[in-house]
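Observations on the model geometry
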Protein chains: 2
Amino acid sequence: MQVNPVTPLAPSGPAVIRCSECPMGSLCMAGGLRPCDMAHLEAIAGGRRTLMRGEYLHRAGDAFVKLFAIRSGHLKTLRHAHGDCQVTGFPMAGELLGLDAIADGRHDSDVVALDTCEICEIPFDGLRELLVAAPSLMDQFHRALSREIQRQQAALFLMGNARAEQRLALFLVGLRARYAARGAPSTQIQLRMSRDDIGAYLGLTMECVCRLLARFRKAGWITLTGRRLTFVDGARLAALAEGVCQEPLA
Amino acid sequence: MQVNPVTPLAPSGPAVIRCSECPMGSLCMAGGLRPCDMAHLEAIAGGRRTLMRGEYLHRAGDAFVKLFAIRSGHLKTLRHAHGDCQVTGFPMAGELLGLDAIADGRHDSDVVALDTCEICEIPFDGLRELLVAAPSLMDQFHRALSREIQRQQAALFLMGNARAEQRLALFLVGLRARYAARGAPSTQIQLRMSRDDIGAYLGLTMECVCRLLARFRKAGWITLTGRRLTFVDGARLAALAEGVCQEPLA
DNA sequence: CGCGCTATTGAAGCAGATCAAACATCGTGG
DNA sequence: CCACGATGTTTGATCTGCTTCAATAGCGCG
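So, here's what we can say about the structure. (Residues numbered from 1 in each chain as written. Chains lettered and ligands numbered in written order. Predicted model: local features only at pLDDT ≥ 70, side-chain atom pairs only at ≥ 80, totals over all residues. Heavy atoms only, no water.)

**Description of the protein's contact with DNA strand C**
Operational definition: Proximity is defined per residue: any heavy atom of the residue falling within 4 Å of a molecule or strand makes that residue near it. The definition of a polar contact used here is a pair of N or O atoms within 3.5 Å, where within protein one atom must be able to donate a hydrogen and the other to accept one, and adjacent residues in sequence count solely through side-chain atom pairs. Numbered from the N terminus, helices here are DSSP runs of H or I no shorter than four residues, and strands are runs of E no shorter than two.
With respect to spatial proximity, 17 residues lie near DNA strand C, and among them A:Ala164, A:Thr205, A:Arg211, B:Arg195 and B:Arg211 are the closest. The contact atoms of DNA strand C, taken as those within 4 Å of the protein, divide so that sugar and phosphate hold 63%. Residue A:Glu207 places a side-chain N or O atom 3.2 Å away from a base nitrogen belonging to DNA strand C. Between B:Arg227 and DNA strand C, the recorded distance is 3.1 Å, taken from a side-chain N or O atom to a phosphate oxygen. Listed by contribution, the elements that provide at least two residues to the surface near DNA strand C are α6 (206-218) of chain A together with α6 (206-218) of chain B. The dominant element in the surface near DNA strand C, judged by the number of residues it contributes, is α6(B), at six residues.

**Some points on the relation of the copies chain A and chain B**
Filter applied, for reference: Copy-to-copy alignment: least squares on C-alpha atoms, limited to residues at pLDDT 70 or above in both. Whether two residues touch is decided by their heavy atoms; if any such pair falls within 4.5 Å, the residues are in contact.
Each copy of the sequence occupies a distinct position, and chain A is placed on chain B by a rotation of 180° and an axial shift of 0.0 Å, giving an RMSD of 0.0 Å. On this basis, the relationship between the two copies can be described by a two-fold rotation axis. When the interface residues of chain A are mapped onto chain B, 100% of them again fall at the interface, so both copies present the same face.

**Concerning the protein's contact with DNA strand D**
Operational definition: Each residue gets one label: Ala, Val, Leu, Ile, Met, Phe, Trp, Tyr, Cys and Pro are nonpolar, Asp, Glu, Lys and Arg are charged, and the others, such as Gly, are polar.
Taken together, 17 residues form the shell around DNA strand D, and within it A:Arg195, A:Arg211, B:Ala164, B:Thr205 and B:Arg211 come nearest. When the atoms of DNA strand D within 4 Å of the protein are grouped by moiety, sugar and phosphate amount to 63% of the total. Here a phosphate oxygen of DNA strand D sits 3.0 Å away from a polar atom, N or O, in the side chain of B:Thr205. In this structure, a base nitrogen belonging to DNA strand D sits 3.3 Å away from a side-chain N or O atom of B:Glu207. For the surface near DNA strand D, the elements supplying multiple residues, two or more each, are α6 of chain A together with α6 of chain B. Per element, the largest residue contribution to the surface near DNA strand D is six residues, and it comes from α6(A). A class-by-class count of the residues in the surface near DNA strand D yields six nonpolar, three polar and eight charged.

**Remarks on the interface of chain A and chain B**
Reports often express the size of an interface as the amount of accessible area lost when the parts come together. Note the cut-off: Once two parts are put together, the accessible area they lose, assessed with a 1.4 Å probe and summed over both, is termed the buried area. We define a salt bridge as a contact between a side-chain nitrogen of Lys or Arg and a carboxyl oxygen of Asp or Glu at a distance within 4 Å.
Each partner contributes to the interface: chain A provides 41 residues, whereas chain B provides 41 residues. Between chain A and chain B, a total of about 4000 Å² is buried, with carbon and sulfur atoms accounting for 60% of that surface. Looking at the side of chain A facing chain B, the largest losses of area belong to A:Gln153, A:Leu156 and A:Phe157, adding up to 17% of the total buried there. Connecting chain A to chain B are two salt bridges. For B:Asp139, the salt bridge identified is with A:Arg128, shortest N-O distance 2.7 Å. Where chain A packs against chain B, one counts 21 residue pairs in polar contact (both at pLDDT 80 or more).

**Topic: the environment of B:Arg147**
As for its position among the elements, B:Arg147 is in helix α3 (residues 135-161). Sequence spacing of B:Arg147 and B:Met193 is 46 residues, and the spatial spacing of their C-alpha atoms is 23 Å. For B:Arg147, the residues in contact, after removing those within four places along its chain, are A:Ala103 and A:Asp104.

Structure follows, in structure tokens:
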């Protein structure tokens, strides 16, 4: 029942030093680069860092010096203001962190590891110089920035228009799709975040998330024991996520 | 009572041809550029366009060819999916549009003029070449992208955590701040969008927006006749926006 | 002057929040 | 090994803020 200890999502044993050999290359910035540009990127993306569960990659207010690329592991990004706290995302392997800090040279969110994470550090000053020399990398970088805007807009749309049931369904199928995009098994996944985190991400309370998960389970769309989630009727779930309103689901 | 017909927010009479002379220069991408870089930008940012109220700058699905810089006027950006429609922003003079379309070469939102607008067109291919040649422009561009991410994150936070009263207060003080940042009179402003638009932006119904505006009016914090809004007790409104929970406001 | 659109106000219903309590799960130390 | 507390999850009961539906009022404009 246990998955193979070495999967694209588990921390790899010895640190991989080259972007060209990184299993996440196609998702991270290095995707679609000419080999020589790749070499340049490797040259500046020297730093590695390992985070244990609960450790912070950075906190709101920290000076922005580097971008971070996730080599493996799962994290959550947080934003707070006067007591309230919102989870803004659950970044995972192959994603880029810190893009929102470029504008004013200071991070405005916390980033916490949900499990053991391997992180690449990309000094922004070095990257800036490199972008000028390697246009394909620059394009890649701009796409990454733009995609981040899209992601936020989609999330915003979700919060504004979808009701709880739909939000959660969308969250689940989105999560599944992200694992699938990484070539990882996606019909059965281990949730790395608490119900509370999910709630804070979707703008719902923990209790509400629980009840909805129970409904999905009773409807036979998923099975869920603890944080082990299995998609049983993915199509039905996806339909709900798309807003196709079916029977009110008792 | 009528404002001077020539203000930074009104469409200027004869088209200004040079970025260096554009009244919005400091807010748009040209801010803080070396004069020679400015000249380059002027060279590629040739196209001008005037939109009348209700006209579309572009629609979801349109191919992405140019970025748009707003020289004057007000617009709204829309996103839809299966019937539902969300207003994602009310861009105004000095802001850049289209950054979300870079990633996949296709716009995924509609942009509609709320009044007469003058728009600069910046061919993206030209800009890309220019960025390589002019590092200061590249930095400026990255800041613009990053700031857009921040804006979306802030909006997301709002939707997730703030209740209706606070959202609307935040919307109003935000609007005021944006006028102030442009050097325009900001204690009395003309809303360019309908109550419905405000609702669709804040994730509320039009009725709810109306009721809240009525409350703010009764509390003596604003006056509002039609779309003419005056801030009377800005501090109180700002306090509410910041989440300082005061008396329940009858 | 009357038509159409936007805005306002009222009454009723409901989705999700809040409060509260039981129940797993898990690491830890006796 | 089990008892233990800490943490996370589940379910129930009640409450409330916002939506929905409906009707009226202003306002601009031909």
